[in-house]
Amino acid sequence: MKGGSSAWIHEEFPELVDFAWQDGYGAFTVSKSAVPDVSAYIEHQREHHRTRTYQGEFRALLERHGIEYDERYLWD
């Protein structure tokens, strides 16, 4: 997923030559009705992550949705 999307971004947006995904990632689907909320979250993500780490937020998301995980496989 990361490789394909990186290739697409570099083809479609050549000015983003320095674009790269972070080491860790998670992929989730959302319903069409949730798209406005997800868009607003992305728009304010930088500000949001000043008070909450990516790791803390990701862990809370997994727990909120009852997704089992092993901490050893989440982070480097």
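Rules behind the numbers
- Residues numbered from 1 in each chain as written.
- Predicted model: local features only at pLDDT ≥ 70, side-chain atom pairs only at ≥ 80, totals over all residues.
- Heavy atoms only, no water.
- Helix = DSSP H or I, 4+ residues; strand = E, 2+ residues; numbered from the N terminus.
- Rg over C-alpha atoms; globule rule 2.2 N^0.38 Å.
- Buried < 20%, exposed > 50% of the residue type's maximum accessible area, 1.4 Å probe, protein only.
- Areas by Shrake-Rupley, 256 points an atom, 1.4 Å probe, with all protein chains shown as cover.
- Lys, Arg positive; Asp, Glu negative; His and termini not counted.
- Charge placed at Lys NZ, Arg CZ, Asp CG, Glu CD.
- Contact = heavy atoms within 4.5 Å.
- Salt bridge = Lys/Arg side-chain N within 4 Å of Asp/Glu carboxyl O.

*Asks:* Just to check I follow, could you spell out the overall build of the protein chain for this structure?
*Replies:* In terms of regular secondary structure, the protein chain is built from four helices and zero strands. Secondary structure elements in the protein chain, listed N-terminal to C-terminal, are α-α-α-α. Computed over C-alpha atoms, the radius of gyration of the protein chain comes to 15 Å, more than 25% over the 11 Å expected from 2.2 N^0.38 for 76 residues, which places it beyond the range of a compact globule. Once the C-alpha set of the protein chain is aligned to its principal axes, its extents read approximately 40 × 30 × 25 Å. Here the protein chain holds 76 residues, and the buried ones make up 8% of them. Taken as a whole, the protein chain presents about 6,700 Å² of accessible surface, with 54% of it coming from carbon and sulfur. When the 8 basic and 14 acidic side-chain charges of the protein chain are each reduced to a single mean position, those positions are 5 Å apart.

*Asks:* What am I meant to see in the environment of Gln55 here?
*Replies:* Position of Gln55 relative to the elements: it lies in helix α4 (residues 54–64). As a C-alpha pair, Gln55 and Leu74 span 19 residues in sequence and 8.5 Å in three-dimensional space.

*Asks:* Sorry if this is basic, but what is going on with α4 here?
*Replies:* Each full turn of the α-helix corresponds to 3.6 residues, which orients residues three or four apart in the same direction. Taken as a whole, α4 has its buried residues at Glu57, Phe58, Ala60 and Leu62. Summarising the contacts, the buried residues of α4 are in contact with α2 (35–43) and α3 (45–48). Phi turns positive one or two residues past the end of α4, at Gly66, with a value near 65°.

*Asks:* Explain the pattern of salt bridges to me, please; I cannot follow it from the model alone.
*Replies:* When the charged atoms of two side chains with opposite charge come close together, those side chains can pair. Using the criterion set out here, one finds two salt bridges in the structure. Across the pair Glu71 and Arg59 runs a salt bridge whose closest N-O atoms are separated by 2.8 Å. Placement of the pair is Glu71 in the segment after α4 and Arg59 in helix α4, with a sequence separation of 12 residues. For Arg59, a relative accessible area of 25% corresponds to the partly exposed category. One salt bridge connects Asp70 with Arg72, and the closest N-O pair in it is separated by 2.4 Å.

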